[in-house]
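What follows is the residue order along each chain.
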Amino acid sequence: QGTRDHPPAHVALRDRLLAAVVTCFKRHGAAAIDTPVLELRETLTGKYGEDTKLIYELQDQGGELLALRYDLTVPFARYLAMNKITNMKRYHIAKVYRRDNPATTRGRYREFYQCDFDIAGQFDPMIPDAECLKIVHEILSDLQLGDFIIKVNDRRILNGVFAVCGIPESKFITTCSTVDKLDKMPWEEVRSEMVGEKGLSPEAADHIGEYVQLHGGLDLIEQLLQDPKLSQNKLAKEGLGDMKLLFEYLTLFGITGKAVLLQPENDHVEEPVSVGSVAGGGRYDGLVGMFDPKGRKVPCVGVSIGIERIFSILEQRVKASGEKVRTTETQVLVATPQKHLLAARLKLISELWDAGIKAEMLYKKDPKLLKQLQYCEDTGIPLAAIIGEQELTDGVVKLRDVAIREEVRM
C-alpha cells in the first residue's frame, strides 16, 4: 500500500534528523506554521500539472469535495492569500500524501514527511534564493551524508536556449520535460525522445544538446553571457544576470563548490544507496495570486528537504555498521536489590520525574537486581539508581554506571 509502520528505532533516528533540520530552520529566523491535512479539492487541482492525478481525493460528503494535501507549498500559498500576508519566513514539517507507485527501498512512499523552508515577500533579487541554497548546504553537511551536489538552474535560460535553437514556444514545456530526464538517461536517449516523440528536427535537438550538456558555475555563466546567440535573447540574458548575482552571494556564503549550473558531472559520486534527489526547491511567484480574489501576487522562494529519502540512506548505514539506535532517552533506571521495596522505588522515581529527570523502573513488585541491570544494558540506559535496605537506613542512594560497572553512594 506504499506506507509502512515505523518501529521505535526508525522513529528515534527520524526524530534525531528532524531535530537537526528544525535547528537549522530556526537558526535562519523562520517561524513554524501548520496547515490542515485536508484541503478543498479545488485548492489542489490544477496546481501540479500532470501530477494532479496523484492527489488523494475524498468522496463528496454533504457537498464538500476534499483532498489530502499533496505537498506543503500550495497550502502555504493559500494561507498567505487568505490572511493577506505579504511578508513571511516560515518552516513547516508534516506528512503529505501521494497516490504514487511506491518504492519503499528507495524511500518513495504514499505517505511521507516533507520539511519546507520558504521566504515570501518582495525583496531584492537572489538574496532569499541564496539563503535557501545555504540552508540546503547546511542541513546536508550537518547530517554527514557524504558527497552531494546542488544543481541550480533558471527556466529563463532554458527557454532562451530553446528560442535560439528554433523551438516554437508551444513546444517549450514538453521539450523541457524531456531535458529534465538527463538526470536519469544518457543524452542519446533524450535526443531520441525529442526527435521521435516530441517532433523536433534532428538539427534542433543537436543544437539543444550543445547547451544542455554544459556544466559549471560562474565560469559557465560568463561563457554563456558571451555566447553570440544567447546573449541576444532577452529572457536568457535576464536569467544569466540573476544567476551571476546568485553565484556572487553563494561565493560570499562559501558554498559555490557545491552548487553547479545546469547538468553536472557526477560520475565520481559513488553513493551506495540510490535514492535520487534528497531536496528540491525554487521560485513560485505566481502561486499566491491564484488564491487571492484580486490576483495580488506575493513572490515566494523555498526549499523542501526529502527527509524520508535521507532516512533510507541512514537506516541502511546503521544496519551495515551494526550500531544500536537508542529508542528512549531514559537517563536512569530506579532499581532495588531486595524484596518488599516497591514503595521506596515509587517514592524515588517520583522525585526524579518531578525534577525533570528521565527515569524508568520495572513493573514488578520484587524484580531480581540482575534482571534490572540487564534491562539497562539492553536499552542503553546509562545509570541505575539502586536503593536497598542499607541505603534506606543510611539515607543514601547507590548510583551505578552500567557500562563500566562502578558505583558511588550519594
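Only a predicted model underlies this, so the values are computations on that prediction, with no experimental measurement involved. (Residues numbered from 1 in each chain as written. Predicted model: local features only at pLDDT ≥ 70, side-chain atom pairs only at ≥ 80, totals over all residues. Heavy atoms only, no water.)

A. The environment of Gln59, seen in detail. Along the chain, Gln59 turns up in the loop between α2 (41-44) and β3 (66-68). Taking the C-alpha atoms as reference, Gln59 lies 49 Å from Lys244; in sequence the two are 185 residues apart. (Helix = DSSP H or I, 4+ residues; strand = E, 2+ residues; numbered from the N terminus.)

B. Up close: the pairing of strand β15 (residues 406-409). Alignment of strand β14 (residues 398-401) against β15, held across four bridges, turns out to be antiparallel. Bridged to Leu399 within β15 is Val408. (Pairing = 2+ DSSP bridges.)

C. Examining the side chain of Asn233 more closely. With respect to the element layout, Asn233 can be found in the loop between α9 (218-225) and α10 (234-253). Of the polar contacts made by the side chain of Asn233, one reaches the backbone nitrogen of Leu235; its length is 3.1 Å. Each residue touching Asn233, except ones within four places of it in the same chain, is listed here: Gly160, Ala163 and Val164. (Polar contact = N/O pair within 3.5 Å; in protein donor to acceptor, adjacent residues only side chain to side chain. Contact = heavy atoms within 4.5 Å.)

D. Main features of a nonpolar patch on the surface. A cluster of nonpolar residues, Val37, Leu38 and Leu58, forms a patch on the protein surface that exposes about 200 Å² of accessible area. You can see Leu58 is positioned in the loop between α2 and β3. Residue Leu58 is classed as partly exposed on the basis of its relative accessible area, which comes to 33%. (Patch = residues over 30% accessible without salt bridge, like charges linked within 9 Å, V, L, I, M, F, W, Y side chains within 5 Å. Areas by Shrake-Rupley, 256 points an atom, 1.4 Å probe, with all protein chains shown as cover. Salt bridge = Lys/Arg side-chain N within 4 Å of Asp/Glu carboxyl O. Buried < 20%, exposed > 50% of the residue type's maximum accessible area, 1.4 Å probe, protein only.)

E. Looking closely at the UniProt feature "binding site: L-histidine" (unreviewed entry) in the chain. In this structure's numbering, the residues bearing the UniProt feature "binding site: L-histidine" (unreviewed entry) are Asp71, Leu72, Thr73, Arg98, Gln114 and Asp118. Along the polypeptide, Leu72 turns up in the loop between β3 and α3 (73-82). Setting aside chain neighbours within four positions, we find Leu72 in contact with Arg90, His92, Ala94, Val96, Gln114 and Asp116. Assignment of secondary structure puts Gln114 in strand β5 (residues 111-120). Judged by relative accessible area, which is 10%, Gln114 ranks as buried. Each residue touching Gln114, except ones within four places of it in the same chain, is listed here: Asp71, Leu72, His92, Ile93, Ala94, Val96, Arg98, Ser304 and Ile305. (UniProt positions renumbered as here; feature names shortened; annotations may be inferred.)

F. Representation of the packing of aromatic side chains in the model. For the structure on display, the rule yields four aromatic pairs. Judged by centre distance (4.3 Å) and plane angle (45°), the rings of Tyr48 and Tyr70 are tilted. On the criterion of sequence distance, the pair formed by Tyr48 in the loop between α2 and β3 and Tyr70 in the loop between β3 and α3 is long-range, its members being 22 residues apart. Across the pair, exposure class does not vary: Tyr48 and Tyr70 are buried alike. (Phe/Tyr/Trp six-rings, centres within 6.5 Å; stacked < 30°, edge-to-face > 60°.)

G. View of unusual backbone geometry. Not every positive phi belongs to a glycine, and Lys84 is a case in point at roughly 50°. In this structure, Lys84 sits in the loop between α3 and β4 (88-97). The class of Lys84 is exposed, set by a relative accessible area of 63%. Positive phi, normally seen in glycine, also occurs at His340, with a value near 60°. Assignment of secondary structure puts His340 in the loop between β11 (332-335) and α12 (342-354).

H. Looking closely at the side chain of Asp242. Among the structural elements, Asp242 can be located in helix α10. A distance of 2.8 Å separates a polar atom in the side chain of Asp242 from a polar atom in the side chain of Arg156. When near neighbours in sequence (up to four residues on either side) are disregarded, Asp242 contacts Pro125, Met126, Asp154 and Arg156.

I. Structural detail: the environment of Val179. Looking at where Val179 falls in the secondary structure, it is placed in helix α6 (residues 172-179). Residue class for Val179 comes out buried when judged on its relative accessible area of 10%. Linking Val179 and Gln213, residues 34 residues apart in sequence, is a C-alpha distance of 9.8 Å. Leave out the neighbours within four places in its chain, and Val179 touches Leu158, Phe162, Val190, Met194, Ile208 and Val212.

J. Summary view of the nonpolar core. Counting residues in each nonpolar core, the largest one holds 69 residues, and the members touching the most others are Phe25, Ile208, Ile307 and Ile310. Sort the elements by how many residues they give to this core and helix α1 (residues 8-27) lands first, with eight residues. Contacts of Phe25, omitting those with residues within four sequence positions, involve Ala30, Tyr91, Ile93, Cys115, Asp116, Phe117, Ile135, Ile139 and Ile305. (Core = buried A, V, L, I, M, F, W, Y, C linked by side-chain atoms within 4.5 Å.)

K. Summary view of a positive patch on the surface. On the surface, Lys339, Lys364, Lys368 and Lys371 cluster together to form a positively charged patch. Assessed through its relative accessible area of 55%, Lys339 is described here as exposed. (Lys, Arg positive; Asp, Glu negative; His and termini not counted. Charge placed at Lys NZ, Arg CZ, Asp CG, Glu CD.)

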